[in-house]
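Now for the letters of each chain:
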2 protein chains.
Amino acid sequence: MELDKYRLYSEMARGLIKAEFVFKNANVFMAHTGEFVYGDVAVADGMILGVGSYGGEKTIDLEGRYLCPGFIDSHLHLESTLVTPGELIRQAAQCGTTTFIVDPHESANVSGTDGIDYILEQTENMPANVFVMMPSCVPATSVDDNGCTLSAGKMKTYLDHPRILGLGEVMDAVSVISGNASMHEKLGLFKNKVKDGHAPFLSKGDLAAYAMAGITTDHECVDYDYAMEERRNGMYVLIREGSAARNLEAIVRGIAEHHADTSGFCFCTDDKHIEEIRKDGHINYNVKKAVELGLPAEKVLKMATIQAAQCYGLKNLGAIAPGYQADFVVLDNLKDLNVMEVYHRGIRIKKDEQAEIRPCAPHLRNTVHLLKFREENLRLPACHGKAHVLQMEEGQITTKSIQEEVPCMEKNGELFFAPNGMYDKIAVIERHKYTGKTGIGIVKDFGLTGGAIASSVSHDSHNLIVIGDNDRDMALAVRELIRTQGGYTLVENGKVFDTLPLPIMGLMSDAGYENVNAKLARMIPRAHSMGIPEGFDPFITLSFMALPVIPEIRITPRGIYLVQEDRMLEHPFADLRIRS
Amino acid sequence: MELDKYRLYSEMARGLIKAEFVFKNANVFMAHTGEFVYGDVAVADGMILGVGSYGGEKTIDLEGRYLCPGFIDSHLHLESTLVTPGELIRQAAQCGTTTFIVDPHESANVSGTDGIDYILEQTENMPANVFVMMPSCVPATSVDDNGCTLSAGKMKTYLDHPRILGLGEVMDAVSVISGNASMHEKLGLFKNKVKDGHAPFLSKGDLAAYAMAGITTDHECVDYDYAMEERRNGMYVLIREGSAARNLEAIVRGIAEHHADTSGFCFCTDDKHIEEIRKDGHINYNVKKAVELGLPAEKVLKMATIQAAQCYGLKNLGAIAPGYQADFVVLDNLKDLNVMEVYHRGIRIKKDEQAEIRPCAPHLRNTVHLLKFREENLRLPACHGKAHVLQMEEGQITTKSIQEEVPCMEKNGELFFAPNGMYDKIAVIERHKYTGKTGIGIVKDFGLTGGAIASSVSHDSHNLIVIGDNDRDMALAVRELIRTQGGYTLVENGKVFDTLPLPIMGLMSDAGYENVNAKLARMIPRAHSMGIPEGFDPFITLSFMALPVIPEIRITPRGIYLVQEDRMLEHPFADLRIRS
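Procedures and definitions
Residues numbered from 1 in each chain as written. Chains lettered and ligands numbered in written order. Predicted model: local features only at pLDDT ≥ 70, side-chain atom pairs only at ≥ 80, totals over all residues. Heavy atoms only, no water. Helix = DSSP H or I, 4+ residues; strand = E, 2+ residues; numbered from the N terminus. Buried < 20%, exposed > 50% of the residue type's maximum accessible area, 1.4 Å probe, protein only. Areas by Shrake-Rupley, 256 points an atom, 1.4 Å probe, with all protein chains shown as cover. Lys, Arg positive; Asp, Glu negative; His and termini not counted. Charge placed at Lys NZ, Arg CZ, Asp CG, Glu CD. Contact = heavy atoms within 4.5 Å. Least-squares fit on C-alpha atoms with pLDDT ≥ 70 in both. Buried area = accessible area lost by both parts, 1.4 Å probe. Salt bridge = Lys/Arg side-chain N within 4 Å of Asp/Glu carboxyl O. Polar contact = N/O pair within 3.5 Å; in protein donor to acceptor, adjacent residues only side chain to side chain. Nonpolar A, V, L, I, M, F, W, Y, C, P; charged D, E, K, R; others polar. Pairing = 2+ DSSP bridges. Axes fitted to C-alpha atoms, helices over the stretch in contact; angles between N-to-C directions. Patch = residues over 30% accessible without salt bridge, like charges linked within 9 Å, V, L, I, M, F, W, Y side chains within 5 Å. Disulfide = S-S within 2.5 Å. Parallel < 35°, antiparallel > 145°, perpendicular 65-115°, else oblique. Left-handed = near helix turned anticlockwise from the far one by under 90°. Phe/Tyr/Trp six-rings, centres within 6.5 Å; stacked < 30°, edge-to-face > 60°. Lys NZ or Arg CZ within 6 Å of the ring centre and 35° of its normal.

Caption draft 1: Spotlight on the overall build of chain A. The number of helices and strands found in chain A is 17 helices and 29 strands. Viewed in the frame of its principal axes, chain A has a C-alpha envelope of about 95 × 50 × 45 Å. Relative to its 580 residues, chain A shows a buried fraction of 64%. Carbon and sulfur atoms form 49% of the exposed surface of chain A, whose accessible area is close to 20600 Å². Treating the 59 positive side-chain charges of chain A as one cloud and the 78 negative ones as another, the clouds have centres 2 Å apart.

Caption draft 2: The environment of Ala31 of chain B, seen in detail. Residues and elements named next belong to chain B. Assignment of secondary structure puts Ala31 in the loop between strand E1 (19-30) and strand E2 (35-44). Accessibility expressed as a relative area gives 1% for Ala31, which makes it buried. The spacing of Ala31 and Thr305 is 274 residues in sequence and 7.4 Å in space, taken between C-alpha atoms. Other than its neighbours up to four places away in sequence, Ala31 contacts Pro69, Lys302, Thr305, Ile306, Gly318 and Ala319.

Caption draft 3: Expanded view of the relation of the copies chain B and chain A. Once chain B has been moved 0.0 Å along the axis and rotated by 180°, it coincides with chain A to within an RMSD of 0.0 Å. Considering both components of the superposition, the chain copies are consistent with a two-fold axis. Considering only C-alpha atoms, the residue of chain B closest to the rotation axis is Ser263 of chain B, which sits at 4.3 Å. Of the residues that chain B buries at the interface, 100% are likewise interface residues in chain A, meaning the two copies contact each other through the same surface.

Caption draft 4: Expanded view of the interface of chain B and chain A. Facing 50 residues of chain B, the contacting portion of chain A comprises 50 residues. Across the chain B to chain A interface the summed buried area is about 3600 Å²; carbon plus sulfur atoms make up 59%. Our enumeration of links across chain B and chain A arrives at 4 salt bridges. In this assembly, chain B and chain A are joined by 20 residue pairs in polar contact (both at pLDDT 80 or more). For the side of chain B that touches chain A, the secondary-structure elements that each account for two or more residues are helix H1 (3-13), E2, strand E3 (47-52), helix H5 (173-178), helix H6 (181-189), helix H7 (204-212) and helix H8 (224-232) of chain B. The element that contributes the greatest number of residues to the side of chain B that touches chain A is H7 of chain B, accounting for 8 residues. Residues belonging to the side of chain B that touches chain A are distributed by class as follows: 25 nonpolar, 15 polar and 10 charged.

Caption draft 5: View of the sheet that holds strand E29 (residues 567-569) of chain A. Residue and element names in this part refer to chain A. Strand order in the open sheet formed by 3 strands is E27-E28-E29, and the pairing between neighbours is antiparallel. Here the strands that pair on one side only, and so sit at the sheet edges, are strand E27 (553-556) and E29. Taken pair by pair, the neighbouring strands of this sheet meet at an average axis angle of 30°, ignoring direction. Across 4 bridges, E27 lies against strand E28 (residues 559-562) in antiparallel orientation. Bridging from a neighbouring strand, Thr556 pairs with Gly559 of E28.

Caption draft 6: The arrangement of the sheet that holds strand E23 (residues 451-455) of chain A in detail. All names here are of chain A. Across the sheet, 8 strands lie side by side as E18-E17-E22-E21-E24-E23-E25-E26; this open sheet has mixed pairing. With partners counted over all chains shown, the strands left at the sheet margins are strand E18 (399-405) and strand E26 (495-501), one partner each. Sheet twist, expressed as the average angle between the axes of neighbouring strands with direction ignored, equals 25°. With 7 bridges joining them, strand E21 (residues 423-429) and strand E22 (residues 438-444) adopt antiparallel strand pairing.

Caption draft 7: Examining the pattern of salt bridges more closely. All names here are of chain A. Overall, the coordinates contain 64 salt bridges over all chains when judged by the stated rule. For Arg253, the salt bridge is made with Glu249, and the minimal N-O distance between the two is 2.6 Å. Highlighted residues: Arg253 and Glu249, both in helix H9 (residues 248-258), separated by 4 residues, approximately one helical turn. On the basis of relative accessible area, Arg253 is assigned to the partly exposed category, the value being 37%. Given the relative accessible area of 35%, Glu249 is considered partly exposed.

Caption draft 8: Representation of a nonpolar patch on the surface. A cluster of nonpolar side chains, Leu8, Leu16 and Ile17 of chain A, forms an exposed patch at the surface whose accessible area comes to about 250 Å². Leu16 of chain A gets classed as exposed once you look at its relative accessible area, which sits at 55%.

Caption draft 9: Here's a closer look at the side chain of His198 of chain B. All names here are of chain B. Mapped onto the elements of the fold, His198 is located in the loop between strand E10 (194-197) and H7. At 2.7 Å, the side chain of His198 forms a polar contact with the side chain of Glu169. Side-chain polar atoms of His198 contact the side chain of Glu220, separated by 3.2 Å. Leave out the neighbours within four places in its chain, and His198 touches Glu169, Val170, Met171, Tyr210, Thr217, Asp218, His219 and Glu220.

Caption draft 10: Broad picture of helix H6 (residues 181-189) of chain A. Every buried residue belonging to H6 of chain A is among Met183, His184, Lys186, Leu187 and Leu189 of chain A, and all of these are buried. Along its buried surface, H6 of chain A packs onto helix H4 (152-155), strand E9 (164-170), helix H5 (173-178) and strand E10 (194-197) of chain A together with H1 of chain B. Where H6 of chain A begins, the capping side chain belongs to Asn180 of chain A, and its oxygen is found 3.0 Å from the backbone nitrogen of Ser182 of chain A.

Caption draft 11: The environment of Glu275 of chain B, seen in detail. Residue and element names in this part refer to chain B. Relative to the elements of secondary structure, Glu275 occurs in helix H10 (residues 274-280). You can call Glu275 partly exposed: its relative accessible area is 37%. It is 9.5 Å that separates the C-alpha atoms of Glu275 and Gln91, two residues lying 184 residues apart in sequence.

Caption draft 12: Expanded view of the state of the cysteines. All names here are of chain B. Counting across every chain of the model gives 0 disulfides over all chains. In this structure Cys137 is not part of a disulfide, and its nearest cysteine sulfur, from Cys148, lies 13 Å away. Summary of cysteine pairing: Cys221 is not part of a disulfide, and the nearest cysteine sulfur, belonging to Cys268, is at 11 Å.

Caption draft 13: Structural context of the packing of helix H9 (residues 248-258) of chain B against helix H11 (residues 283-292) of chain B. Residues and elements named next belong to chain B. Running from N to C, H9 and H11 cross one another at 40°; their axes reach a closest spacing of 9 Å. Judged by the inter-axis angle, H9 sits oblique to H11. In this structure, H9 meets H11 at a crossing whose hand is right-handed. Judged by residue contacts, Leu248, Glu249 and Val252 of H9 engage Asn286, Lys289 and Ala290 from H11. Looking at the contact of H9 with H11, its residues break down into 3 nonpolar, 1 polar and 2 charged.

Caption draft 14: Highlighting unusual backbone geometry. For the bond from His459 of chain A to Asp460 of chain A, the omega torsion is -15°, close enough to zero to count as cis. Secondary-structure assignment places Asp460 of chain A in the loop between E23 and strand E24 (464-468). You will see that Leu82 of chain A, though not glycine, has its phi angle at about 75°, which is positive. Relative to the elements of secondary structure, Leu82 of chain A occurs in the loop between strand E6 (71-76) and helix H2 (85-94). A relative accessible area of 7% means that Leu82 of chain A is categorised as buried. In this structure, Asp566 of chain B takes a positive phi of about 50° despite not being glycine. Tracing the backbone shows Asp566 of chain B in the loop between strand E28 (559-562) and strand E29 (567-569). When its relative accessible area of 53% is taken as the criterion, Asp566 of chain B is described as exposed.

Caption draft 15: Inspection of the packing of aromatic side chains at higher detail. Going through the model one piece at a time under the given rule, you end up with 17 aromatic pairs over all chains. Ring centres 5.2 Å apart and planes at 85° place the aromatic pair Phe36 of chain B and Tyr66 of chain B in the edge-to-face group. Placement of Phe36 of chain B in strand E2 and of Tyr66 of chain B in strand E5 (residues 66-69) is noted, with a sequence separation of 30 residues between them. The same class applies to Phe36 of chain B as to Tyr66 of chain B, namely buried. Each member of the aromatic cluster is reached from another via a ring pair, and the members are Phe21, Phe23, Phe328 and Tyr343 of chain A. Here Arg231 of chain A stacks its cationic end above the ring of Tyr236 of chain A, 5.9 Å away from the centre of that ring. Lys58 of chain B extends its terminal NZ or CZ atom over the ring of Phe21 of chain B, reaching a point 4.6 Å from the ring centre.

Caption draft 16: Representation of the pairing of strand E19 (residues 408-411) of chain A in the model. Residues and elements named next belong to chain A. Bridge count for E19 against strand E20 (residues 414-417) is 4 bridges, and the pairing is antiparallel. Directly across from Met409, in E20, lies its bridge partner Phe416. The turn linking E19 back onto E20 is made up of 2 residues, and Asn412 within it adopts a positive phi angle of 50°.

Caption draft 17: Main features of the pairing of E9 of chain A. Residues and elements named next belong to chain A. Most of E9 sits out of view: 7 of its 7 residues are buried. Pairing analysis gives 3 bridges linking E9 to E10, with the strands arranged parallel. When the sheet's bridge partners are listed, Leu167 is paired in E10 with Lys195.

Next up, the structure:
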């Protein structure tokens, strides 16, 4: 703060002159002491001057409502909601989340540091504070083909960026624990900064070794006992409640039952879709739910504010105290915890304001790098006996690895796989470096008949992924995504039923969330009507079939990957044919 | 940590190989969760690997005793105990304090950055962690003559020192709040670091302005209400229990009665003498007392460990968790809380080990810069009517400013002040820059007869200070301190009764604490027998008479200082003579 400004604000804080802006008659949540104090909050230039009895040039009478620090989402990915970062942030900010710690892992897998720069640019000067964690595992594994390898060397230039707080979720626990040199080079680079973890179900000893490497947080924790084990190891637990993963009830119920120490717990969404944010809320939803589950509001509000700020070293956020940023949530009462108003740097965030969609550099709109694609590329070799099959599991993104006879038809004296509604063909096509490498497999119980479904969102490498019951429709779907440079598409009987273009890195739309939702509302029911069971979200399920870290069998541009065996097969009949 | 070391320690943490050193069967205090967990603690190379079930190359069976992280003294001055830093630290470490946050404010006032370097050197490679805060107010005020002005410019080179954590106690609240440029230059220099406060009794608005300037802690707080007010302003409260100031009971009783949030409270001693440390303990005494006052041991232990570490950003201290330094206190049980053993970096601290006294650079042993001193220098002008008098208050370091007739005798036709046991003469002589500037005053109720008492420890500038009932003995006392280059001395009827030499900057002895204590045990009773009331510690009371920030009247080398009026008088009759 410049000295002349300090002098002025000091006079306001001391009540010698009127403060710029005063929130009168509030029940102010004091995050440092976990109590409510009735009084006025003086603000100038977006900064809190003091809590007490103040007169202001401008005043707002809160009439006894509850004034809290703005909420903090301690871990989320902006890309997963399919719209531009600004749209998600504006929607979530209206719910009271004024600080976001984002991991631009998806963008980095497609466009490397350009993808990270995109997220940084898009989130600059927003009506919220957006901080970025440097993605640590790009690519996620060595068995996949993504757009970029983010080495420690490439990360160096970001070390001093004021909005880069540390290293993003370190998913590759094995590399950490085993002392992999390239992983530890990254950890070393962020030695004095926060290093986010991703540590579901590590054994006691592994968790100790993981924490010893300096990993500071975890958001993958799903139960109370493991949460406490992580806390004992010095890690913050970011309790996640998003669209897919919902871990809050299990953890918070445990905390409440055991009257456990709540310091070191925070909240996050990880992935939460805009329609759900609009319906249920964002971190305010986590707060509400945690209070309903029996935790005192004072403890819950500390989790949503100061504790997250301390976790990430954000010294002027998360509290209503002198020198802190004037980010506020006004709540109606402590039972309903409804968000009435939200302020960022002392300025009220308007409800339902049209999000400005910022432009995107042309090269980030041209990331589906496939010169031509022909139906022939999807052919499987002749079939002899059993095949390795991805057995889908309803409601899950895991698969079972099974070997069984698949339906075949004869052609030129040989047998070939013939999809039949129970068995479909699945393919992943490398789309970053013009290699066109294509892995083809067989999927069971996805149920699609009479067409194909394809996406350029396929974790974590985001190659093109397609499932269909005939090569012609599958090829059409792939060509459609080349045309739109990414998106979701559904092809039915030789025609594109509809496409949601996701031209920004093949991950995001710039058409606005209303248009995105309208498209999804049209395409998803149609995909179900083509046979995909209701237990699957067609595109989200599809997007995980290429992620080679989830059991038991996956499809990559290099072929079929048996996760537990760490073994790549060229095609579904590869090793079985030899045995037969 | 080097990668090959990490790999080895990771295998130990995971139990794949035996750990270097294991503490078996301990009730381990988990600072992050505030609970005790029964198990083993694995250690290698002074670092904690994990808590669980471990086998070790070397083991110690704790048989169910309580293993806690080493305690942290969050604020202390090493000089005030009169011995070398190493002696104090060794004694306190035996009581379980393994981390010290020290402010070398006294050394800096005498020898500037050389004094700070001395403290840094003397505390290097100790059996404890010693961190240093850069003294912020040297000199403490502009009305005094000290050895050095510590400007922001001189502090710059220390910014990257790994053991300098931030800016030391910012006593000059007025300069902070009013936006004094030189003070704010220092605050700005330590922008991203801890800035210790010193904020007794600020008004609500002043405290807000003080906190807004980024001040992070206060150790001057004496009651619960003010402590909570500081916490609400985002400041850590370092609860002080030392030799002189004892604030623990008032604050902790309040916390216990109100069931207040204890996060953000820590413990400190500020000033605690070695004989008291040996008798009562150090931070373990604070812990014991806080538990006796009704706080749960788990909360108290967090205050003594992890919370102080978090306050000062000490990421690998204050907890028993993987990657943390192996600093331990073994307690017998949670009721008596007796310290049985102490470990620093996994090595046991031996009881009553002879402290190594490290050498000191010659120029720091030559800091009483007075070429010659004559009795004539102590003469007061002729006396006409009333005088300004320092009225002592028993048991206090404050004085009352009174104007009254003082005893006089005639000489050459004029009246001169004549000490009589109730009224003594007091003088402060500048000793840093050979100016010999001498301020002379009259003190009431100090009671000294038949001699003089003098010291080179006189806060904060540490000039020579002397009180006596005759000029001859006072001059002898001053000459004795020039001879010993600092110390405490007592002169009786024309002879030096005894002297405790304090040759290190005139502040510390290198004769060992036993010798220091022996000298004090001889000199202090003699001083009382010469008339100084039992309610005063003769030398400590003397040392505060020159501190121009304590009400109401002080003596400086420039004359008599009326604190509230901020007015300097050349001699005790200065303005009164004109009026009379």
